[in-house]
Amino acid sequence: MSARPLLNRRLDGMGTTIFAEMSALAVRTGSINLGQGFPDIDGPSEIAEAAARAVVEGRGNQYPPGPGIPELRTAVAEHQQRFYGLDHDPDTEVLVTAGATEAIAAAMLALLEPGDEVIALEPFYDSYAACIAMAGARRVPLTLHAPDFRPDLDRLRSLITPRTRILLLNSPHNPTGTVLDKAELSAIAALAVEHDLLVVSDEVYEHLVFAGSHHPIAALPGMRERTVTISSAGKTFSFTGWKVGWVTGSRELVTAVRTAKQFLTYVASGPFQYAVAEALALPGTYYEAFRTDLQAKRDLLATGLRDAGFTVYEPQGTYFITTDIARLAPGVDALTFCRTLPEKCGVVAVPNSVFYDHPEAGRTQVRFAFCKRPDVLTEAAERLQRL
Ligand code: PMP
Ligand code: GLN
């Protein structure tokens, strides 16, 4: 073997994702897992049955079409029209992907040249850093600071250089729960137009908004032709294992992303695509009940965390609560705190510090997922009181 390191330098130091590490820790210690974000109740049974029916009836068991089955592309286009008034041609402006994860990877690989810069909201969702690196580009953080986690738009302007190619947005934002408001989105859009930048907008938590409402940046003037919008079924329908995601945008942008995507998975999740097409057409009552239920869970866990001594930053969206542990555990950093939490009280959480380029910025921030049954959240809160 040569002495040369095996791992590509671009992925150096990326290790195992924090979600995998913390979920494995939860299994090993039998802890309540409020780390990795996945619900402990599956989505609607009629949608699960639709997936089972597709398998048994032989729909999607062989390679589906590269861009996704027409039924799902149409359902995605109808969803964008129904909720946001956005018009997309299902044949050329919608692409089905293996979750939002693949959509992010394909977008970065398709749209970036080595040396390009991507400005992204920090703390970043972990795959952003990896995908930007794999594309040979450079990430430039626009840091959201506690307690409000709002973007500093003057700072954003100052970060734009001639190498800037993409503004990578995520609203509702994981892990802080920030939902960008219309004024912020308009200011960001104006900068994108002024500097001729592309926007990649990760909207996987679009239906998990408790304060204000979700606005796709693609709907703002001048943005349709420069925005790649990404979402997926995992969060909205509580089937995170199905990995059905999608991209919407102009024909040119979708074609570019499809070109990279076809050499990643080519296609995925055949039968689940049929089920997700049905899920997207569920009535407004489904979306409303889902949101109300999650909001109650957010409030339940927020109260428990406050009672246990955490500083709680109330999220406007997503299913995560970011907390600060400085008062509760003086001098302890978030990663150490999370690695020792299971032995102390049988709960797993995620350290936000790993989502920052300068871990110091999130040194004492810890994220808890609240997409769990109320009895599980209550039990977790009781365990955390022992701290
Ligand atoms: N983006 C964000 C912000 C996420 O939190 C996640 C994780 N659920 C994803 C993308 C990946 O979504 P998917 O499971 O559909 O690949
Ligand atoms: N998005 C999920 C979270 O933030 C994790 C998904 C994953 O493990 N890649 O917890």
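That block above? That's the structure.
Within each chain, residues carry numbers counting from 1 in the order of the written sequence. Written order decides the labels, with chains lettered from A and ligands numbered from 1. Residues qualify for local features only when their pLDDT is at least 70, as the model is predicted, and side-chain atom pairs are given and counted only at 80 or more; totals for whole chains, interfaces and linings, by contrast, use all residues. Each side-chain value is derived from all of the structure's non-hydrogen atoms; neither hydrogens nor water enter the calculation.

## Let's talk about the site of ligand 1
Inference 1: The cutoff for a nearby residue is simple: one of its non-hydrogen atoms must lie within 4 Å of the molecule or strand. Near ligand 1 there are 14 residues, and of these Thr101, Asp202, Tyr205, Lys235 and Lys243 occur at the shortest range.
Inference 2: N or O atoms within 3.5 Å of each other form a polar contact, as long as, within protein, one can give a hydrogen and the other can take it, and as long as residues adjacent in sequence are counted only when both atoms are side-chain atoms. Thr101 is positioned such that a nitrogen or oxygen atom in its side chain is 2.5 Å from an oxygen atom of ligand 1.
Inference 3: One of the side-chain N or O atoms of Asn174 is found 2.8 Å from an oxygen atom in ligand 1.
Inference 4: The accessible surface values rely on the Shrake-Rupley method and a 1.4 Å probe; as for residues, cover is taken only from the protein chains in view. When ligand 1 is considered free in solution it has 390 Å² of accessible area, and contact with the protein chains removes 93% of it.
Inference 5: Comment: elements are numbered from the N terminus, with helices defined as DSSP H or I runs of at least four residues and strands as E runs of at least two. Take the shell around ligand 1: its biggest share by element is 4 residues, from helix 4 (residues 99-111).
Inference 6: Under the scheme applied here, ten amino acids are nonpolar (Ala, Val, Leu, Ile, Met, Phe, Trp, Tyr, Cys and Pro), four are charged (Asp, Glu, Lys and Arg), and all others, including Gly, are polar. Partitioning the shell around ligand 1 into residue classes produces 6 nonpolar, 5 polar and 3 charged.

## Comments concerning the state of the cysteines
Inference 1: Disulfides are defined in this document as cysteine sulfur pairs within 2.5 Å. Under the criterion given, the structure shown has 0 disulfides.
Inference 2: Free of any disulfide, Cys345 has its nearest cysteine sulfur in Cys338, 11 Å distant.
Inference 3: Free cysteine: Cys371, not disulfide-bonded; nearest cysteine sulfur from Cys338 at 16 Å.
Inference 4: Burial classes follow relative accessibility: with a 1.4 Å probe on protein chains only, a residue under 20% of its type's maximum area counts as buried, one over 50% as exposed, and anything between as partly exposed. In this structure Cys371 comes out as buried when scored by relative accessible area, which is 4%.

## Focus on the pattern of salt bridges
Inference 1: Throughout this description, the term salt bridge denotes a Lys or Arg side-chain nitrogen within 4 Å of a carboxyl oxygen of Asp or Glu. Counted by the stated rule, this structure contains 21 salt bridges.
Inference 2: In this structure, the salt-bridge partner of Arg53 is Glu278, at a minimum N-O distance of 3.6 Å. Of the two residues, Arg53 sits in helix 2 (residues 45-56) while Glu278 sits in helix 10 (residues 270-280), which places them 225 residues apart along the sequence.
Inference 3: Arg53 sits in the partly exposed class, given a relative accessible area of 36%.
Inference 4: Here Glu278 falls in the partly exposed class, since its relative accessible area comes to 39%.
Inference 5: A salt bridge links Arg59 to Glu57, with the nearest nitrogen and oxygen atoms 2.9 Å apart.

## Examining the environment of Val96
Inference 1: For Val96, the location among the structural elements is in strand 2 (residues 94-98).
Inference 2: Note on Val96: relative accessible area 4%, which makes it buried.
Inference 3: Taking the C-alpha atoms as reference points, Val96 and Ala268, 172 residues apart in sequence, are found 8.7 Å from one another.
Inference 4: Contacts were defined at the residue level, with two residues in contact if any of their heavy atoms lie within 4.5 Å. Ignoring any residue separated from it by four or fewer positions in sequence, one finds Val96 in contact with Gly66, Pro67, Gly68, Leu72, Arg73, Val244, Gly245, Trp246, Lys261 and Gln273.

## Digging into the sheet that holds strand 2
Inference 1: Taken in spatial order, the 7 strands make up an open sheet running 2-8-7-6-5-3-4, and their pairing is mixed. In the strand order of this sheet, the two ends are held by strand 2 and strand 4 (138-143), each with one partner. Taken over all neighbouring pairs, the strand axes of this sheet differ in orientation by 25 degrees on average, direction set aside.
Inference 2: When DSSP finds two or more bridges between a pair of strands, those strands are recorded as paired. Note: strand 3 (residues 117-122) against strand 5 (residues 164-170), 4 bridges, orientation parallel. Note that in strand 5 the partner of Glu117 across the bridge is Thr164.
Inference 3: Note on geometry: axes are C-alpha line fits, over the in-contact stretch for helices, and angles between N-to-C directions span 0 to 180 degrees. Running over the sheet, helix 3 (residues 70-84) touches strand 2, strand 7 (227-232) and strand 8 (244-248) and is turned about 110 degrees from strand 2.

## Some words on the nonpolar core
Inference 1: Met108 and Phe368 are the most contacted members of the largest nonpolar core, which has 98 residues in total.
Inference 2: Element by element, the count of residues in this core is highest for helix 4, at 8 residues.
Inference 3: Beyond its immediate chain neighbours, meaning those up to four positions away, Met108 contacts Cys131, Ile132, Ala135, Ile166, Leu168 and Val200.
Inference 4: Here, nonpolar core means buried Ala, Val, Leu, Ile, Met, Phe, Trp, Tyr and Cys residues that are tied together by side-chain atoms lying within 4.5 Å of each other. Within the second largest apolar cluster, 24 residues are counted, among which are Leu121, Phe149, Leu169 and Leu191.

## A word on the site of ligand 2
Inference 1: Neighbouring ligand 2 are Phe19, Gln36, Gly37, Tyr125, Asn174, Tyr205, Lys235, Phe320 and Arg367.
Inference 2: In the model, a nitrogen atom of ligand 2 is placed 3.2 Å from a nitrogen or oxygen of the Tyr125 side chain.
Inference 3: Considered on its own, ligand 2 offers 290 Å² of accessible surface; in the complex 80% of this is hidden by protein.
Inference 4: Class assignment for the residues of the shell around ligand 2 results in 4 nonpolar, 3 polar and 2 charged.

## Examining the pairing of strand 5
Inference 1: Within strand 5, 6 of the 7 residues are buried, leaving the element largely enclosed by the surrounding structure.
Inference 2: Strand direction decides the pairing type here: strand 5 and strand 6 (residues 198-202), joined by 5 bridges, are parallel. In the sheet register, Ile166 faces strand 6, and the bridge partner there is Leu198.
Inference 3: Crossover connection from strand 5 via helix 7 (residues 182-194) to parallel strand 6: handedness right-handed. Here the term right-handed applies to a crossover when the path leading from its first strand over the helix to its second strand runs clockwise, the strands being oriented away from the viewer.

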